[in-house]
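Observations on the three-dimensional arrangement
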Amino acid sequence: MFTLTTSVRCDALAMGNAFLAGRPENSSGRASSLTTALEKVGEDLKLLAEKNDIFAAQLEILQDPLLEDTIKEFIDSGQNEVAAVGSASAAIVSEFEAIDDEYLKARGDDVRDVCKRITQCLTGSSNNDFNDVREGDIIVAEELLPSDTALIDLSLPSGFITSKGSITSHVCIIARQHSISAITGVKDCYSLIHNGDTLIIDGSKGIVIVNPDGQTIRQYQDILKRRSASPCIAELIRSSSRKVKLMGNAGNLEDIHKAISDGAEGIGLFRTEFIFLSSNPLPDEEEQYSIYLQAAYACRNYPLTIRTMDIGADKPVAGLEIKGQENPFLGLRGIRVSLQYEDIFKTQLRAILRASVAGNIRVMFPMISSIEEIRRCKVLLDICFDELNKEGIPCSYPQSIGIMVETPASVLMADEFAEEVSFFSIGTNDLTQYILAADRGNSSVATLYNSSDPAVLKAIQITIDAARRHNIEICVCGEMASDPSCAKLLISMGIDSLSCSSF
Ligand code: PEP
Ligand code: MG
């Protein structure tokens, strides 16, 4: 028995057997899953090439070291495998297209197709090493990105342990949505834990106990039993003297169905960027329209708050490379990406307007820090609405328009923003990092990153008061809302609704 520690405290509590995942940050580990994908695509293309020369040409592209070397360069620059394949594809195709040679130009399509096959192999289930996860396992990894968790059957693991990340890393958010106990910032977990080790996660003490003795196991069995009997968010809301709405956070249709059947009165945050993450090319209007419409139906008559794509920083997407961001959290992310790539943004807005015929859709813009940004969003929404009407395509204006309040600027200008929108949703995950200047994903500043810090609470109160003055709805959708002790405080501070990952 030995104990590993982390400075990232949380409410995670679990016991189970260790399942060691790939090593996303270790180049040899990364190469092994990329290598498997390249081999699998090679085998498929060899079979296809026997019947059609196009595939013989694609096999040549795959076997040319240029492709693999370019992918590895992007991996070494910090991208995950899926994103690196997308970036390599874009880089090689643009080189081909710059050459004045029709034959090479046409081969750009083959490069794209080969890369699509590699991406499918990396994200598909056939080569998924998470296929061997068993019920109750605790997955141990250097880092788990959204593209990794997309490969896991999230009904199985009881815990995640990673050496990187913080309490609001996306791995923790996804874990919470699926009642998985996640603990991050556990240094050396991947080298010191072995497959099959018995593990106990105790986030309140910031520890992972490896191969505990019988007495420790019994002690934690008791704690686990008591935990399952303590009040949850839904009970807190039920017992509150104020009327507070319970909403759910979702990243896909499955989450929406689960939240509504668990008792949510709507979706307060639909993170649409998850639709974009491993999709290369990006999902088109029809694909998005279909998803948003299904999402609206899944909410029955409750509101569905669609947050427009919040990509960049910790959420890179394969189909849209954002280069040269030395400080990604202070760079092109959230609404800044949308306003920089207006065609992509308009495609999403059109899909939302079309799905709004379902009647219960609210649209919300992330990372707003200036009045000009929200005004431009509204202008683009109007332009899309007019275009659809002119084209005779059925659409409807969203029920309401709101912003995430997650930058210090949006807090300080809350009165002015309240004149522009009909609801605020406080994104405490980002608000905490920007108020305290502590990166939400960096475990070395995890002790500074604290959503209950007086400075953050003061920012929340300023926002609530401004919303009250202007009579607009005020919600909290950051992870703070899903922590029962913080939720109690938020209710007493005057929020109208909590949008939670689990309740
Ligand atoms: C937040 O920042 O609090 C939030 C809910 O958005 P995300 O975690 O997706 O950045
Ligand atoms: Mg945010």
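Predicted model, so just to flag it, every value in this text is computed and none were measured. (Residues numbered from 1 in each chain as written. Chains lettered and ligands numbered in written order. Predicted model: local features only at pLDDT ≥ 70, side-chain atom pairs only at ≥ 80, totals over all residues. Heavy atoms only, no water.)

Brief notes about the overall build of the chain
Applied cut-off: In this text, helices come from DSSP runs of H or I with a minimum length of four residues, and strands from runs of E with a minimum of two, each type numbered from the N-terminal end. As a reference, a globule follows 2.2 Å times the number of residues to the power 0.38, and the radius of gyration itself is taken over C-alpha atoms. In what follows, residue pairs with any heavy atoms lying within 4.5 Å of each other are defined as contacts. Only the protein chains shown count as covering a residue, and every accessible area follows the Shrake-Rupley method with a 1.4 Å probe. When charges are counted, Lys and Arg contribute as positive and Asp and Glu as negative, whereas His and the chain ends are disregarded. Charged side chains are reduced to one point each, which is NZ for Lys, CZ for Arg, CG for Asp and CD for Glu.
From N to C terminus, the chain includes 21 helices and 15 strands. Here the C-alpha atoms of the chain give a radius of gyration of 23 Å, agreeing with the 23 Å that 2.2 N^0.38 yields for 503 residues. Counting only C-alpha atoms and orienting by the principal axes, one finds that the chain spans roughly 70 × 70 × 40 Å. Residue pairs in contact within the chain that sit at least 24 positions apart in sequence constitute 66% of those at least 6 positions apart. Approximately 21300 Å² of the chain is accessible, and the part contributed by carbon and sulfur atoms is 50%. Once the 46 positive and 70 negative side-chain charges of the chain are each reduced to a mean point, those two points are 7 Å apart.

Thoughts on the pairing of strand β7 (residues 207–210)
What counts is decided by this rule: Exposed residues in this analysis have more than 50% of their type's maximum accessible area, buried residues have under 20%, and partly exposed residues fall in between, with area computed by a 1.4 Å probe over protein chains only. Two strands form a pair only when DSSP identifies at least two bridges running between them.
Every second residue of β7 is oriented toward a common face, with Ile207 and Ile209 on one face and Val208 and Val210 on the other, all of them buried. Across four bridges, the pairing between strand β1 (residues 2–5) and β7 is antiparallel. Residue pairing in the sheet places Leu4 in a bridge with Val208 of β7. Where strand β6 (residues 198–202) and β7 come together, four bridges link them in antiparallel fashion. Pairing of Leu199 across the sheet is with Val210, part of β7. Linking β6 to β7, which pair antiparallel, is a turn of four residues; within it Gly206 sits at a positive phi near 65°.

Some words on helix α15 (residues 342–355)
Heads up, the condition is: The span one expects for a helix is its residue count, reduced by one, times 1.5 Å.
The end-to-end C-alpha distance of α15, which contains 14 residues, comes to 20 Å, matching closely the 20 Å that a straight helix rising 1.5 Å per residue would cover. The buried fraction of α15 amounts to ten of the 14 residues, a majority that puts the element mostly inside the structure. Contact partners of the buried residues in α15: α12 (273–276), α13 (285–298), β10 (304–307), α14 (335–340), β11 (361–365) and α16 (371–390).

Brief notes about the coordination of the magnesium ion (ligand 2)
Put simply, the test is: Ligating atoms shown are N, O and S within 2.8 Å of the metal, or 3.2 Å for Na, K and Ca, and water is not included, meaning a site may look less than complete.
For the magnesium ion (ligand 2), the full set of protein donor atoms is Glu406 (OE) and Asp430 (OD), at a range of 2.0 to 2.2 Å. Taken together, the residues Glu406 in the loop between β12 (400–405) and α17 (408–412) and Asp430 in helix α19 (residues 428–436) connect sequence positions 24 residues apart.

A short note on the site of ligand 1
The following threshold applies: Near residues are defined by distance, with any heavy atom within 4 Å of the molecule or strand qualifying the residue. Side-chain atoms alone can form a polar contact between residues adjacent in sequence; in general such a contact is a pair of N or O atoms within 3.5 Å, and within protein one must be able to donate a hydrogen while the other accepts it. Method remark: on a 1 Å grid restricted to protein atoms, a set of points is classed as a cavity if a 1.4 Å probe fits but cannot get out and as a pocket if it is open with protein on both sides within 12 Å along at least five of seven lines; lining residues have an atom within 4 Å of a point. Think of it this way: a molecule belongs to a cavity or pocket when more than half its atoms come within 2 Å of the grid points there. Asp, Glu, Lys and Arg are counted as charged, while Ala, Val, Leu, Ile, Met, Phe, Trp, Tyr, Cys and Pro are counted as nonpolar; the rest, among them Gly, fall into the polar class.
Near ligand 1 lie 16 residues; those nearest to it are Arg271, Arg307, Gly427, Asn429 and Arg440. At 3.3 Å, a backbone N or O of Gly427 approaches an oxygen atom of ligand 1. Asp430 is positioned such that a nitrogen or oxygen atom in its side chain is 3.0 Å from an oxygen atom of ligand 1. At a threshold of 2 Å from the grid points, most atoms of ligand 1 map onto the second largest cavity. At the level of elements, α7 (170–177), β9 (267–271) and α19 are the ones that each hand at least two residues to the shell around ligand 1. Take the shell around ligand 1: its biggest share by element is three residues, from α19. Tallied by class, residues from the shell around ligand 1 come to four nonpolar, five polar and seven charged.

Notes on the environment of Arg354
Structurally, Arg354 is set in helix α15. The sequence separation of Arg354 and Ser396 amounts to 42 residues, and the corresponding C-alpha distance is 6.4 Å. Residues contacting Arg354, with those up to four places away along its chain left out, are Glu285, Glu286, Tyr289, Leu388, Ile393, Pro394 and Cys395.

Let's talk about the sheet that holds strand β8 (residues 245–250)
Under the convention used in this document: For helices, the fitted axis covers only the stretch in contact; all axes are lines through C-alpha atoms, and the angles between them, taken along N-to-C directions, range from 0 to 180 degrees.
Taken together, the eight strands give a closed barrel; going around it, the order is β8-β9-β10-β11-β12-β13-β14-β15, and neighbouring strands pair in parallel fashion. Pairwise comparison of adjacent strand axes, ignoring direction, gives a mean angle of 25° for this sheet. Where strand β13 (residues 423–426) lies against strand β14 (residues 473–476), four bridges are found, and the strand directions are parallel. Opposite Phe423, over in β14, you have Glu473 as the bridge partner. The strands touched by helix α11 (residues 253–261) are β8, β9 and β10; relative to β8, the strand with the most contacts, the crossing angle is about 160°.

Observations regarding the domain arrangement of the chain
Our working rule: The domain limits used here are those given by an automatic or database domain assignment. As used here, buried area is the combined drop in accessible area, with a 1.4 Å probe, of two parts when they are placed together. Salt bridge, as used here, is a side-chain nitrogen of Lys or Arg placed within 4 Å of a carboxyl oxygen of Asp or Glu.
Domain annotation for the chain reports domain 1 (2–18 + 129–227), domain 2 (34–123) and domain 3 (233–500). Between domain 2 and domain 3, the C-alpha centre-to-centre distance is 35 Å. If you look at the interface, domain 2 gives nine residues, while domain 3 gives five residues. Approximately 510 Å² of surface area, both sides summed, lies buried where domain 2 meets domain 3, with 62% of it carried by carbon and sulfur atoms. The largest contributions to the domain 2 side of the interface with domain 3 come from Val82, Ala83 and Gly86, which together make up 41% of the buried area. The interface formed by domain 2 and domain 3 includes zero salt bridges. For the pair domain 2 and domain 3, the interface holds zero residue pairs in polar contact (both at pLDDT 80 or more). Only α4 (81–98) and α5 (102–123) provide two or more residues apiece to the side of domain 2 that touches domain 3.

Some thoughts on empty space enclosed by the protein
To find leftover empty space, one rolls a probe the size of a water molecule over the atoms. The test is simple: Grid points are joined across faces, edges and corners, and a volume is the space filled by probe spheres set on the points.
Per the stated rule, a full pass over the model turns up two cavities of 30 Å³ or more. Size it by volume and the second largest cavity reaches roughly 70 Å³. Residue lining of the second largest cavity: 14 residues in total, with Arg271, Arg307, Met404, Glu406 and Asn429 positioned closest to the centre. Elements supplying a minimum of two residues to the lining of the second largest cavity: β9 and α19. For the lining of the second largest cavity, the per-class residue count stands at three nonpolar, four polar and seven charged.

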